[in-house]
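Residue-level structure breakdown
Each chain, letter by letter, is given below.
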Amino acid sequence: MFSKACEYGIRASIFIAANSSKGIRVGIKDVAKEIDSPEPFTAKIMQILTKSNIIGSAKGVGGGFEISTEALKSIKLINIVDAIDGDTIYKGCGIGLKECSEVHPCPVHHEFKKIRELLVAMLTNTSLEELALSIKSGDFHLKILNKNE
């Protein structure tokens, strides 16, 4: 449903948010390792998220990526999806037709429209803060842990 870049962007944002809520900045190596993404690809995603003002970046000793406390509350998943994938997920055809509309619907148009509306509602209503808290509490995780972790 989302591009691989968008999936990584969401996971990276949640990881950074969870650390930021503890006052910790994280470096690119830590982000790439945590989200199981190649470092160069992760760096490109971080560029997009930084330019979109979703995450902050500080250079030098003690630098890294962070999200301000105020931003944690206001940034929603839809902001990340829009920054990386744009709005095509909300407008595209469920089976990939170039033209699909209310006037000229594909066979799954009406059912897929309901799913898209639910997806938009979830992305619009879910903040990074609540996801960061779920990670911090241990209720959820971003990767499968090895037996040794």
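Residues numbered from 1 in each chain as written. Predicted model: local features only at pLDDT ≥ 70, side-chain atom pairs only at ≥ 80, totals over all residues. Heavy atoms only, no water.

1. So, the overall build of the protein chain
A count of helices and strands for the protein chain gives 8 helices and 2 strands. For the protein chain, the N- to C-terminal ordering of α and β elements is α-α-α-β-β-α-α-α-α-α. By its C-alpha atoms, the protein chain is 55 × 30 × 30 Å across when sized along the principal axes. Within the protein chain, buried positions represent 34% of all 149 residues. Taking as baseline every contact in the protein chain between residues at least 6 positions apart, the subset at least 24 positions apart corresponds to 64%. (Helix = DSSP H or I, 4+ residues; strand = E, 2+ residues; numbered from the N terminus. Buried < 20%, exposed > 50% of the residue type's maximum accessible area, 1.4 Å probe, protein only. Contact = heavy atoms within 4.5 Å.)

2. Quick look at the confidence of the model for the protein chain
Model confidence for the protein chain is summarised by a mean pLDDT of 90, while 95% of its residues fall at 70 or above. The spread of mean pLDDT over the elements of the protein chain runs between helix α6 (residues 88-91), the lowest at 82, and helix α3 (residues 39-51), the highest at 97. (pLDDT = per-residue confidence, 0-100.)

3. Focus on the packing of aromatic side chains
In total, this model carries 1 aromatic pair according to the counting rule given. Between Y8 and F41 the ring centres are 5.7 Å apart and the planes differ by 80°, which places this aromatic pair in the edge-to-face class. Residue Y8 is located in helix α1 (residues 4-20), and its partner F41 is located in helix α3; the two are separated by 33 residues in the primary sequence. (Phe/Tyr/Trp six-rings, centres within 6.5 Å; stacked < 30°, edge-to-face > 60°.)

4. What about the packing of α1 against helix α8 (residues 128-136)?
Where α1 contacts α8, the axes come no closer than 8 Å and their chain directions differ by 70°. Looking at the two axes, α1 sits roughly perpendicular to α8. Contacts between α1 and α8 involve S13, I14, A17 and A18 from the former and L128, L131, A132, I135 and K136 from the latter. Considering only residue class, the contact of α1 with α8 consists of 7 nonpolar, 1 polar and 1 charged. (Axes fitted to C-alpha atoms, helices over the stretch in contact; angles between N-to-C directions. Parallel < 35°, antiparallel > 145°, perpendicular 65-115°, else oblique. Nonpolar A, V, L, I, M, F, W, Y, C, P; charged D, E, K, R; others polar.)

5. Quick look at the side chain of S127
Mapped onto the fold, S127 is located in the loop between α7 (109-125) and α8. For S127, a relative accessible area of 6% puts it in the buried group. Contacts of S127, omitting those with residues within four sequence positions, involve L72, K73, I75 and K76.

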